[in-house]
Structures are given as structure tokens and as C-alpha cells.
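Commentary on secondary and tertiary structure
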Amino acid sequence: MPWPAAADPLRPVPPNLPLSQMRSVLRPIAGVFFAFVLLPLILHARPPEWLTEVAGRAGTMEYEDASHVVLLDDCHLTLDKNGVVTRRIRYAIRALTRDGREAAIAVLPYQTSSDKVKSFQAWTLPKTGKPIEYSRKRVLDMAYYSNSRELYHEARKQVISGYDDAMPGAVFGYESIVIEKSIYTQMRWHFQQKVPVEYSGITITLPPGWTSTAHTFNRDPIAPKLDGTTQTWALHSLPGTSTEPLGPPDHFHLPWLAIDYHPPPAAGPSRSPSLSP
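First, a word on scope: everything that follows refers to the structure included in this document. The structure presented is a predicted model; accordingly, all values stated were derived computationally and were not measured. (Residues numbered from 1 in each chain as written. Predicted model: local features only at pLDDT ≥ 70, side-chain atom pairs only at ≥ 80, totals over all residues. Heavy atoms only, no water.)

1. Regarding unusual backbone geometry
The phi torsion at Glu64 lies on the positive side, around 50°, for a residue other than glycine. Within the fold, Glu64 resides in the loop between α2 (49–56) and β1 (68–79). Given the relative accessible area of 74%, Glu64 is considered exposed. (Helix = DSSP H or I, 4+ residues; strand = E, 2+ residues; numbered from the N terminus. Buried < 20%, exposed > 50% of the residue type's maximum accessible area, 1.4 Å probe, protein only.)

Encoded structure:
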């Protein structure tokens, strides 16, 4: 009996099989091999350009005894005409010591009633070796507040940990995109942290007719960089801070920004909370 043209890929291939039938047998095997072996390797080798660029930048200051440095802390808000916000976060750190591995964690808070998580990805770029991309299987989804007395809460968070891979010299970064429907029309941004920060910035893109007002606290006003309807407020080369016993909270003396954005007058009055940190 001749060997069937479309053989089961798990069955052995007889050595005298004609070349044409050999190809038909090996084709499904090749497809499976590509999907489960080669494709993960291809994805494994391509971190996003923004992360590669950030990892390649030279430091602009001394990090002293910091366990890690924040290379990028970036938020981009894009509003549509209905006030729906698309929030994109890009964040990257470089581990300087073994303790710096604890900072290799991505946390994405969201509200089940008003937010939709569009994407959430993280990568580690080791000092030597191939980049690592974390699959969806590595994403943990859990309650934001852990209270045994609560049966349900709308506040949740997704978490990706790169602790095991972020050895000294490695760069860990993540990107999240969340679509938010909220009644609030104010955004607050804190620039400085307890460790050095190379870049911290917030960008807002408004639809036609919308306006924004920015308020800077604990330093001279930060002038935004304008590009059409897009505005960016950023600070560079921020040293780490230290907490003194019985000292004031950080938002009393570190720079932060509050941005109010307003729809056109015909769309109704704006609703902004008070300017509190």
C-alpha cells in the first residue's frame, strides 16, 4: 500500500518515500516547528526601539550608592472629543546592584468599571545575552487593595516581575496602554523619586477646541514643549532624594505638576478636583 500523501506528522517517514510526498509530510512539521520554536525566538530578540534607545544612553550624573536608576518615566495622555483618555506609560530602570532587582517590576493599576487595558508588555535587556520578553502567562491580575474583609473591589492591578532576570547592569522596561472613561479632568505628575531619574515627563494631546492649564509646585514653572495640540512637560537628571525622620511628605518639597484640561464651552462645564497632591 502506498504511503498517504498527507501523513500524520507524528508517524515515522519511510526512507524510500518520494520527494514530493516527503515535502507534504514535512510541511506540517515545519509549520509546528516555526510556530513553537522559531517564532518565540524571533520575538525574543526584538525589544521595542524606545527601550533599546534608552538603554544605550550614557548617564548624565553620578548615581553614588543607588541600587538602581530610573532611565525613563514617561506618560502620554491622548484625549478624544468625548473626553475618553488613552494613557500610555513607558518606564525603564537599570539595576546597579543586586538589590536593584526589586525595582524590576511593572505595576498597572486600573478600574474595572471605567478602564480597559489595551496592552501591557515588559522586557529585560541583560548586560550580556539576548533580550527577554515576558509573555501574557507572566502577567498577574489581582486586587489592588488586599483586605480580607472585602469580597469585591473595582480597583485592580496587573503585575509583571523581572526580578529573576534583572542582574546588575540589566535594563528592565515596560509599556502599558489603558483606555479610561473618567469624570475627572485633571492629571498630576510627580517628577522626582528616591533614586536618580534621568528623564521624567508627561505629554498631553488634546482634540481641537480643548484647552489645558498647568500648575507647577515646589519649583519655577516648567515651560511645556509645544507640537501642534501636543504639550510635553519634562525634567532631566534628577538626583535621588532622602527621607528625614519626622520630615514633611515628599509632595511638600519635591517638584510636581497638575494639569487641568477643559472641553470647549459649548460642550458643558469642566469638572476638576481640587489641586491636591
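2. Considering the pairing of strand β7 (residues 155–161)
Judged from the seven bridges that link them, strand β3 (residues 105–111) and β7 form a sheet pairing that is antiparallel. Residue pairing across strands places Val107 opposite Val159, the latter belonging to β7. In this structure, strand β6 (residues 140–143) lies alongside β7, joined through four bridges in antiparallel fashion. Bridged to Met142 within β7 is Lys157. (Pairing = 2+ DSSP bridges.)

3. Examining the layout of surface pockets
In this structure, the largest pocket spans a volume of roughly 1,200 Å³. What lines the largest pocket is a set of 33 residues, and nearest its centre among them are Arg87, Pro109, Glu180, Met187 and Arg188. For the lining of the largest pocket, the secondary-structure elements that each account for two or more residues are β1, β2 (85–95), β3, β7, β8 (171–180) and β9 (186–190). Residue contributions to the lining of the largest pocket peak at seven residues, all from β3. When grouped by side-chain class, the residues that make up the lining of the largest pocket number 21 nonpolar, six polar and six charged. (1 Å grid on protein atoms, 1.4 Å probe; cavity = no way out; pocket = protein on both sides within 12 Å on 5 of 7 lines; lining within 4 Å. Points joined across faces, edges and corners; volume = space filled by probe spheres on them. Nonpolar A, V, L, I, M, F, W, Y, C, P; charged D, E, K, R; others polar.)

4. What to know about the environment of Gln121
Within the secondary structure layout, Gln121 lies in strand β4 (residues 115–125). Between the C-alpha atoms of Gln121 and Arg136, which are 15 residues apart in sequence, the distance is 8.1 Å.

5. A short note on the side chain of His68
By the secondary structure assignment, His68 is in strand β1. Here the side chain of His68 touches Ser67 through a polar contact of 3.0 Å, side chain to side chain. If sequence neighbours within four positions are ignored, His68 has contacts with Ile93, Arg94, Ala95, Leu96, Gly100, Ala103, Val195 and Pro196. (Polar contact = N/O pair within 3.5 Å; in protein donor to acceptor, adjacent residues only side chain to side chain. Contact = heavy atoms within 4.5 Å.)

6. Let's talk about the sheet that holds β3
Here we have three strands laid out as an open sheet, ordered β3-β7-β6, and antiparallel in their pairing. If you trace the sheet from one side to the other, it starts and ends with β3 and β6, each paired once. On average, adjacent strands in this sheet sit at an angle of 25° to one another, irrespective of strand direction. (Axes fitted to C-alpha atoms, helices over the stretch in contact; angles between N-to-C directions.)

7. Some remarks on the environment of Tyr63
Within the fold, Tyr63 resides in the loop between α2 and β1. A relative accessible area of 18% places Tyr63 in the buried class. As for Tyr63 and Pro239, which are separated by 176 residues in sequence, their C-alpha atoms are 7.8 Å apart.

Shape descriptors only; they carry no functional weight alone.
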